[in-house]
Amino acid sequence: MRLLLVEDNRELADWLGKTLRQANYVVDVVHDGEDVEHALAAGDHALVILDLALPRMGGMEVLRMLRARGNRVPVIVLTANASLDGRVKGLNEGADDYLAKPFQIEELEARIRVQLRRVNDRTAPVVACGDLVFDTNTRLFSVAGDTLALTPREHAVLEQLMVKAGRTVSKAALSSAIFDFETDADPSAIEIYVHRLRKKLEGSRVQIATLRGLGYLLRDAS
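Under an unreviewed UniProt entry, the protein chain has the name Winged helix family two component transcriptional regulator and belongs to Mesorhizobium amorphae CCNWGS0123.

Structure representation (structure tokens):
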């Protein structure tokens, strides 16, 4: 899943970005509010982590702008001012969740997982297709009970296919969801990652089908 982190404290942003990438998220980072709209337009972000104290355009103004334009991306607000009035105002403006600074990374990751389950219409933390299982709490895939060893990009591709199992996912959608701003994305790279995943899924009861001109489909091959 690709996340957008909006945080003006560069030291905190670097640490959060690194930590979330280690948890197999794709993370883009911007440091002021005016860059948010452009960032969201340039990538398929599943969730925004938004600081309120931003230069040029404050986080609350960013939130109002997104909702006024019909953007429904989940937003978790980070703030050092977590007063009741502030939380109520933010939630009324369209925030999906609030987390006060300082916070524990485990709590932020748990809140991210909750929002991603909600946006994908799932309540259970475990997603299954055939004998392929994805545990959203541990961020690990397994086949018939055995953990599947994946590179970060393979993980990102398979996660996109898994949460949309039974539905076609275009190559463009996969590319937009797994490559961050700092990567010069090559469309043919998706074919390479899918090929590698197919090799790793050989012998399982799940299949990645190619629908020519449309994209890829993860399905139960039982």
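After presenting the structure, the write-up continues.
J.: Any chance you could explain the environment of P55 here in plain terms?
T.: Mapping P55 onto the fold places it in the loop between strand 3 (47–51) and helix 3 (59–68). P55 sits in the partly exposed class, given a relative accessible area of 37%. Once residues lying within four places of it in the same chain are set aside, the contact partners of P55 are D8, H31, D32 and G33.

J.: Hey, could you run me through the environment of Y193 in this one?
T.: Mapped onto the elements of the fold, Y193 is located in helix 8 (residues 188–200). Residues Y193 and L218 lie 25 residues apart in sequence; the distance between their C-alpha atoms is 14 Å. Once residues within four sequence positions are removed from consideration, Y193 is found in contact with R153, E154, V157, I178 and F179.

J.: Even after reading the chapter, I still don't get the environment of D51, so can you show me in this structure?
T.: By the secondary structure assignment, D51 is in strand 3. Between the alpha carbons of D51 and L99 there is a distance of 9.7 Å; along the sequence they are 48 residues apart. Reaching out from D51, the side chain makes a polar contact with the side chain of K101 at a distance of 3.1 Å.

J.: In this structure, what is going on with the sheet that holds strand 12 (residues 215–220)? I would like to understand it.
T.: Neighbouring strands of a sheet are bound in pairs by backbone hydrogen bonds; such pairs are parallel or else antiparallel. One open sheet accounts for three strands, arranged 10-12-11; its pairing is antiparallel. Strand pairing shows two members of the sheet lacking a second neighbour, strand 10 (168–169) and strand 11 (206–211), which therefore form its edges.

J.: I'm lost on the packing of aromatic side chains in this one. Help?
T.: Evaluation of the coordinates by the stated rule reveals one aromatic pair. The ring of Y25 has R139 sitting right over it, with the charged end atom 3.9 Å from the ring centre.

J.: Please clarify how the pattern of salt bridges should be interpreted in this entry.
T.: Where charged atoms of side chains with opposite charge meet at close range, the side chains can pair. Inspection of the entire model under this criterion finds 16 salt bridges. Linking D96 and R118 is a salt bridge whose minimum nitrogen-to-oxygen distance equals 3.0 Å. Of this pair, D96 sits in the loop between helix 4 (84–93) and strand 5 (97–100) while R118 sits in helix 5 (residues 105–119), and the two are 22 residues apart along the sequence. Residue D96 is classed as partly exposed on the basis of its relative accessible area of 27%. Two residues, R139 and E159, come together in a salt bridge whose shortest N-O distance is 2.9 Å. Here the residue R139 occupies a position in the loop between strand 7 (132–135) and strand 8 (140–143), and E159 occupies one in helix 6 (residues 152–163), the gap between them amounting to 20 residues. Grouping residues by exposure puts R139 and E159 together as buried. Here the salt bridges do not stand alone but share partners, grouping D32, E34, D35 and R56 into one network.

Cut-off values and rules
- Residues numbered from 1 in each chain as written.
- Predicted model: local features only at pLDDT ≥ 70, side-chain atom pairs only at ≥ 80, totals over all residues.
- Heavy atoms only, no water.
- Helix = DSSP H or I, 4+ residues; strand = E, 2+ residues; numbered from the N terminus.
- Buried < 20%, exposed > 50% of the residue type's maximum accessible area, 1.4 Å probe, protein only.
- Contact = heavy atoms within 4.5 Å.
- Polar contact = N/O pair within 3.5 Å; in protein donor to acceptor, adjacent residues only side chain to side chain.
- Pairing = 2+ DSSP bridges.
- Phe/Tyr/Trp six-rings, centres within 6.5 Å; stacked < 30°, edge-to-face > 60°.
- Lys NZ or Arg CZ within 6 Å of the ring centre and 35° of its normal.
- Salt bridge = Lys/Arg side-chain N within 4 Å of Asp/Glu carboxyl O.

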